[in-house]
Amino acid sequence: MRPAARLQSAIELLDAIIIAAKEGGASADQLAKLFFAERRYAGSKDRRAVRELAWQAIRRFGERPESARSAFVALADEDAALVELFDGSDYGPPMIGADEPRAKGGPLPIWILPHLSSLIEEHERSALLDRAPLDLRVNALKTSREDVADQLPDAELLSQTSEALRLPTGYQVESLPLLIDGFVEIQDLGSQLIVDACAARSGMTVLDLCAGAGGKTLALAAAMKNEGKLIASDTNRNRLDQLKPRANRAGATMVETRLLNPGREIEMLSDLAGSCEIVLIDAPCSGSGTWRRNPETRWRLDPVRLERVLAEQAKLLQIGAEMVASGGHLVYAVCSIIANEGRGQVARFLDAHQGWQAVDPDLGVGRKEGDGIILTPHHDGSDGFFFARLLKL
């Protein structure tokens, strides 16, 4: 493909992403896969170039553009090389008109700025949209970090936690035998630190309340050395079904999955009431901490959706609290940098629940944020997370 044709393809892909973000459709990654599946004539270099162009526009504008062309015309105002690709050729986009609409604004939505953690000062904000690194968690049930590092000479051993490795951005890991055979899992450093905050040990009863596809569940199983009781629950069948084959690959034989019906969670977990030493709530959230990986989610978030998410988090905290034994801990986490989802949510919980107190997870990472810890890309090199460890007295 000629460079102009690549730009035209990026415009078409971005238009599909804009429409999906507006209508609540498929994710940008899913749309990109479909887009290229329908254009098999595009080689790997063409696909990579088209995707890079589309994602450049996504990262540049925090507010959803009216059209992909308006986004690229605005980018062309900042990049003379792009202007030349609007050449009006058969496979390229038409030339730019003098009065064409242009997308406006900066990388972050204006409305969200007052909601961000006060620790994220302006100089930190650009890192929220940098390309994310590729982190792996070594599965201690099968191997050691040293053995994996010997097989991955490009990997960096991360000091913040005991099983984390970092590979260069763009490293092709999907066909890696270590991943296929369950010796490693793709997992951001921040997610690994949240599991560390749980301090799960052999013989415990542990509930991963919002397990999803089970990334943190598998890390908990490794921390527990496959000994004890570990329940992974969720209300999403499709995501929970992904855990079983992953657990088999990882050799995590202790994991019990439990599909919950929305509104009946406490009833369906009643056998665990007051008996769990650890309950992990990796709650649904704004996803603002993962903008590096999913930048188009900025276009899907608005104040109404944020309020719905806050209500769901409060409900999950109530459910999780019911399951914790006296002397046990509830670990609350969100992949968010919005203060109300993190420190605000924990503060409201502690105000409403006597007999609970926040305790320092003592991991030596992040920054203190209210009664918990916040991790950010700029400060910690991880996705953005808030987590807190709460003790039931």
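Residues numbered from 1 in each chain as written. Predicted model: local features only at pLDDT ≥ 70, side-chain atom pairs only at ≥ 80, totals over all residues. Heavy atoms only, no water.

Engineer: Break down the sheet that holds strand 1 (residues 134–138) for me, citing the residues and quoting the values.
Structural biologist: The strands making up a sheet associate through hydrogen bonds between their backbones, and the pairing can be parallel or antiparallel. Spatially, 2-3-1-4 is the arrangement adopted by the four strands of the open sheet, whose pairing is antiparallel. On the outer flanks of this sheet lie strand 2 (156–157) and strand 4 (184–186), each paired with one strand and no other. (Pairing = 2+ DSSP bridges. Helix = DSSP H or I, 4+ residues; strand = E, 2+ residues; numbered from the N terminus.)

Engineer: Break down the packing of helix 1 (residues 3–23) against helix 4 (residues 68–78) for me, citing the residues and quoting the values.
Structural biologist: Packed helix pairs are characterised by how far apart their axes lie and by the angle those axes make with each other. Viewed as axis vectors pointing N to C, helix 1 and helix 4 meet at an angle of 130°, and their least axial separation amounts to 8 Å. The orientation of helix 1 relative to helix 4 falls into the category oblique. Residues Leu7, Ala10, Ile11, Leu14, Asp15 and Ile18 of helix 1 touch helix 4, and the partners they reach there are Ala68, Arg69, Ala71 and Phe72. Counted by class, the contact of helix 1 with helix 4 contains eight nonpolar, no polar and two charged residues. (Axes fitted to C-alpha atoms, helices over the stretch in contact; angles between N-to-C directions. Parallel < 35°, antiparallel > 145°, perpendicular 65-115°, else oblique. Contact = heavy atoms within 4.5 Å. Nonpolar A, V, L, I, M, F, W, Y, C, P; charged D, E, K, R; others polar.)

Engineer: Mind laying out the packing of aromatic side chains, listing which residues take part and the relevant values?
Structural biologist: Centre-to-centre distance and the angle between the planes together describe a pair of aromatic rings. If you walk through the whole model with that rule in mind, you get two aromatic pairs. Plain terms: the ring middles of Phe35 and Phe36 are 5.4 Å apart, the flat faces sit at 85° to each other, and that makes the pair edge-to-face. Residue classification places Phe36 among the buried positions, given a relative accessible area of 14%. Ring geometry for Phe349 against Trp356: centres 5.4 Å apart, planes inclined by 75°, an arrangement best described as edge-to-face. For Phe349, a relative accessible area of 4% corresponds to the buried category. Residue Trp356 is classed as buried on the basis of its relative accessible area, which comes to 12%. A cation over a ring is seen here: Arg39 above Phe35, with NZ or CZ 3.6 Å from the ring centre. Residue placement shows Arg51 over the ring face of Trp55; its charged tip is 3.9 Å from the ring centre. (Phe/Tyr/Trp six-rings, centres within 6.5 Å; stacked < 30°, edge-to-face > 60°. Buried < 20%, exposed > 50% of the residue type's maximum accessible area, 1.4 Å probe, protein only. Lys NZ or Arg CZ within 6 Å of the ring centre and 35° of its normal.)

Engineer: Tell me about helix 9 (residues 189–198), and please be specific about residues and values.
Structural biologist: Within an α-helix, residues lying three or four positions from one another point in the same direction, as the helix has 3.6 residues per turn. When you tally the buried positions in helix 9, you get nine out of 10 residues, the bulk of the element. When we look at burial in helix 9, the residues that qualify are Leu189, Gly190, Ser191, Gln192, Leu193, Ile194, Val195, Ala197 and Cys198. Sitting at the amino-terminal end of helix 9 is Asp188, which places a side-chain oxygen 2.8 Å from the backbone nitrogen of Gly190. A positive backbone phi angle near 55° is found at Ala199, which sits one or two residues after helix 9. (Polar contact = N/O pair within 3.5 Å; in protein donor to acceptor, adjacent residues only side chain to side chain.)

Engineer: An account of the side chain of Glu124 is needed here, citing residue identities and associated values.
Structural biologist: Mapped onto the secondary structure, Glu124 falls in helix 6 (residues 122–125). Glu124 sits in the buried class, given a relative accessible area of 4%. What Glu124 contacts, discounting residues up to four positions off in sequence, is Leu119, Arg367, Thr376, His378 and His379.

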